[in-house]
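Read off the chains here:
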Amino acid sequence: MIGLSLCFILFWYLPLKQTFDYMMANQSGTFKISGETGEIIKNNIRDIFFNNVNSVYSSAFCICFLTGFLIFFFLKRIEFRTIFTCSVLWFLLETHKLTMGYLPTRYLISFYFSMGLLISVVISELIFYPIFLKKNGLVKAISFFIFMLLFYQNITTLYSTYRQRTFVIKEANTYIAKYLYNQPIIGAWAPTLCWDCKARTLPVWNNFLNYKNPIQEYKPRIIISEVDETDSEKAYLANGIILSEEADSVKKYHIGSWDVNLYWIKPEK
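Colleague: When you look at the packing of helix H6 (residues 105–128) against helix H7 (residues 136–163) in this model, what are you seeing that I'm missing?
Modeller: Working note: a packed helix pair is described by the angle between its axes plus the distance between those axes. Following both chains from N to C, one finds H6 and H7 inclined at 145°, their axes separated by 8 Å at the closest point. For the element pair H6 and H7, the recorded crossing hand is left-handed. In this structure, H6 uses Ile119, Ile123, Leu126 and Ile127 to contact H7, whose residues at the interface are Val139, Lys140, Ser143, Phe144, Ile146, Phe147 and Leu150. When its residues are assigned to classes, the contact of H6 with H7 shows nine nonpolar, one polar and one charged.

Colleague: How should the pattern of salt bridges be read in this particular structure?
Modeller: Any two side chains of opposite charge can pair, so long as their charged atoms come close to each other. Counting across every chain of the model gives six salt bridges. One salt bridge connects Arg46 with Asp47, and the closest N-O pair in it is separated by 2.9 Å. Under the relative-accessibility criterion, Asp47 is labelled partly exposed at 42%. Each of the salt bridges in this network shares a partner with another, and the network as a whole consists of Arg77, Glu79 and Glu125.

Colleague: Can you walk me through the side chain of Ser87 in this structure?
Modeller: The residue Ser87 is located in helix H5 (residues 78–94) in this model. Apart from the residues within four sequence positions on either side, Ser87 is in contact with Leu117 and Leu118.

Colleague: Help me out: how do you make sense of the nonpolar core in this one?
Modeller: Soluble, globular proteins show a tendency: their nonpolar side chains are buried together. Grouped together as the largest cluster of nonpolar side chains are 27 residues, with contacts concentrated most on Phe49, Phe84, Phe111, Met115, Leu118, Ile119 and Val122. Broken down by element, this core gets its largest block of residues, 10 residues, from H6. When residues no more than four places from it in sequence are discounted, the contact partners of Ile119 are Tyr57, Ala60, Phe61, Cys64 and Leu150. With 19 residues, the next largest nonpolar core counts Tyr181, Ile185, Tyr253 and Val260 among its residues.

About the criteria used
Here, residues in each chain are numbered from 1, in the same order as that chain's written sequence. Per-residue local features are limited, in this predicted model, to residues with pLDDT of at least 70; the limit for side-chain atom pairs, both in listing and counting, is 80 or more; totals at the level of whole chains, interfaces and linings are taken over all residues. To get the side-chain values, take all heavy atoms of the structure and skip hydrogens and water. Here, axes are lines fitted to C-alpha atoms. For helices the fit covers the stretch in contact, and angles between N-to-C directions go from 0 to 180 degrees. Helix and strand assignments come from DSSP, with helices taken as H or I runs of at least 4 residues and strands as E runs of at least 2, each series counted from the N terminus. Left-handed describes a crossing whose near helix is turned anticlockwise from the far helix through less than a right angle; right-handed describes the clockwise counterpart. In this analysis, two residues are considered to be in contact whenever any of their non-hydrogen atoms come within 4.5 Å of each other. In this classification, the charged set is Asp, Glu, Lys and Arg, the nonpolar set is Ala, Val, Leu, Ile, Met, Phe, Trp, Tyr, Cys and Pro, and all remaining amino acids, among them Gly, are polar. Note on definitions: salt bridges are taken to be side-chain nitrogens of Lys or Arg within 4 Å of carboxyl oxygens of Asp or Glu. Using a 1.4 Å probe on the protein chains alone, a residue whose accessible area is under 20% of its type maximum counts as buried, one over 50% counts as exposed, and one in between counts as partly exposed. Here, nonpolar core refers to any group of buried Ala, Val, Leu, Ile, Met, Phe, Trp, Tyr and Cys residues whose side-chain atoms link them within 4.5 Å.

Here is the structure:
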């Protein structure tokens, strides 16, 4: 760990210190303690962990969390105590994310994994080791039911996700790749929708990156933006730019939950 830390500091952080500090200071996901922290935590628990998709998983976790402590204190099996302690510590390490006002799904992957590890540890202990001798059969049956319930939910969710796939991003990439560009394509969506073309792409975020007079500065052929400019935090409007007025045509896509427009910018006269 010390060696890896030194390599990170010497060969990554120090040579790129200015850029690294700038990126870290402008993270979209940050956590802090304030008067609103309690409300943020409550909303995250309700909206993320007890929504229609995750309520079964989160409920199973709560049951296993409490059951695990009962096993920990009443059963002195060192193997269980060790791995249960590790899983609880990992989960506690993840809980700081609940204080984030903006909590994207990618930040939750390790959170879900820590919960899954704890569930697996407790259920396997209940199924494979005789803990409650008098009611061991009932305990095993309930544990196996929880396991099958989670397994069923995972399978059905994966299948549903597979069936609901769309290919809009692929369609947009194919459309943009038809043309040759001597000018860049800008916008927060640009790197995603320009995989197959050779144009230079530049993301735009207000008060952070490439946001000062982007049309005059970069002379783009296409600007890709959500209709309400939420993706760039209204970087164009902040510069007095009305994208619909700057474009000679607009190509529209609906990607997931977002309406994204490709604005073909009028060539300079």
